[in-house]
Amino acid sequence: MKDVFCRIVEGELPSSKVYEDDEVVAILDVSPVAKGHCLVIPKAHYQDFLSVPKDLLHKVMDVAQRIGQAEIAVLGAKGINILTNVGEMAGQSVPHFHVHVIPRYVRGEGGFQLEMKAMDSSTLNLPALAKDISQGLK
Ligand code: DGP
């Protein structure tokens, strides 16, 4: 079955479009965590950030940047969170790559709290970890 963003791209489902070109569409999120919460979506189906081709990734990020700039200028946002979830473990609910552009107005307000709690790095061997990841780069 087609995912919800494929159906939006194909016009089977309605959406509030902010931007559209041949390869990318940006829409208002139907469950916004802040006023103006947008999703930037490639029209072609790719599962997530890790599988999208780089040229298309760059186009999506270009649109995300422009929407963030517009939200500062037009909506008076004081900050923007750019977010993409990869996999259910990370909170991805729609298996079609998309980038959230989330305007922020007042610190701590709204339905989005980004909290990064540092773990105890002394439990990790940082040089070995860095080497492992480095060796996995393609
Ligand atoms: P994620 O959890 O990162 O996969 O984000 C998916 C987002 O998509 C979530 O914030 C809600 C939004 N969403 C789901 N279904 C629809 C829809 O039919 N229309 C719109 N505009 N957004 C949707």
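Residues numbered from 1 in each chain as written. Predicted model: local features only at pLDDT ≥ 70, side-chain atom pairs only at ≥ 80, totals over all residues. Heavy atoms only, no water.

So, a nonpolar patch on the surface
Rule in force here: Exposure above 30% relative accessible area and no salt bridge define the residues that can form patches, which grow by joining like charges within 9 Å and nonpolar side chains of Val, Leu, Ile, Met, Phe, Trp and Tyr within 5 Å. Using a 1.4 Å probe, the Shrake-Rupley method yields the accessible areas, and only the shown protein chains count as cover for residues. Criterion for a salt bridge: a side-chain nitrogen of Lys or Arg within 4 Å of a carboxyl oxygen of Asp or Glu. Under the DSSP-based scheme used, a helix requires at least four consecutive residues in state H or I and a strand at least two consecutive residues in state E, with every element numbered from the N terminus. Here the term buried applies to any residue with accessible area under 20% of the maximum for its type, exposed to any over 50%, and partly exposed to those in between, with areas from a 1.4 Å probe on protein chains only.
A cluster of nonpolar side chains, contributed by M119, L124, L126, L129 and I133, occupies part of the molecular surface with about 470 Å² of accessible area. With respect to the helices and strands, the residue L129 is situated in helix α3 (residues 126-136). With relative accessibility at 37%, the residue L129 sits in the partly exposed group.

Quick word on helix α2 (residues 54-75)
Along an α-helix, residues three or four apart share an orientation, since each turn contains 3.6 residues. Note the cut-off: One fewer than the residue count of a helix, multiplied by 1.5 Å, yields its expected span. By construction, the arc corresponds to the directions joining the helix axis to the C-beta atoms.
Between its first and last C-alpha atoms α2 spans 30 Å; for 22 residues at 1.5 Å apiece the expected length is 32 Å, and the two agree. Inspection of α2 places L56, L57, V60, V63, A64, I67, G68 and E71 among the buried residues, and these make up the whole buried set. Around the axis of α2, the buried residues are gathered within 145° of arc, so they sit on the same side. Of the exposed residues in α2, those oriented more than 90 degrees away from the buried face are K54, H58 and A73. G76 sits one or two residues past α2 and shows a positive phi near 75°.

Considering the site of the ligand
Rules: Whether a residue is near a molecule or strand depends on its heavy atoms: it is near if one of them lies within 4 Å of it. Nitrogen and oxygen atoms within 3.5 Å of one another constitute a polar contact, given that in protein one can donate a hydrogen and the other can accept it, and given that sequence-neighbouring residues count only through two side-chain atoms. Residues are grouped as follows: Ala, Val, Leu, Ile, Met, Phe, Trp, Tyr, Cys and Pro are nonpolar; Asp, Glu, Lys and Arg are charged; all remaining types, including Gly, are polar.
Among the 15 residues in the neighbourhood of the ligand, the closest are listed as L28, D29, N85, S93 and H100. Between the ligand and V30 there is a distance of 3.3 Å, counted from a nitrogen atom to a backbone nitrogen or oxygen. H100 is positioned with one of its side-chain polar atoms (N or O) 2.8 Å from an oxygen atom of the ligand. Coverage of the ligand by the protein chains reaches 81% of its 510 Å² of free accessible surface. Of all the secondary-structure elements, those providing two or more residues to the shell around the ligand are α1 (4-9) and β2 (24-28). Of the residues assigned to the shell around the ligand, the class counts are eight nonpolar, six polar and one charged.

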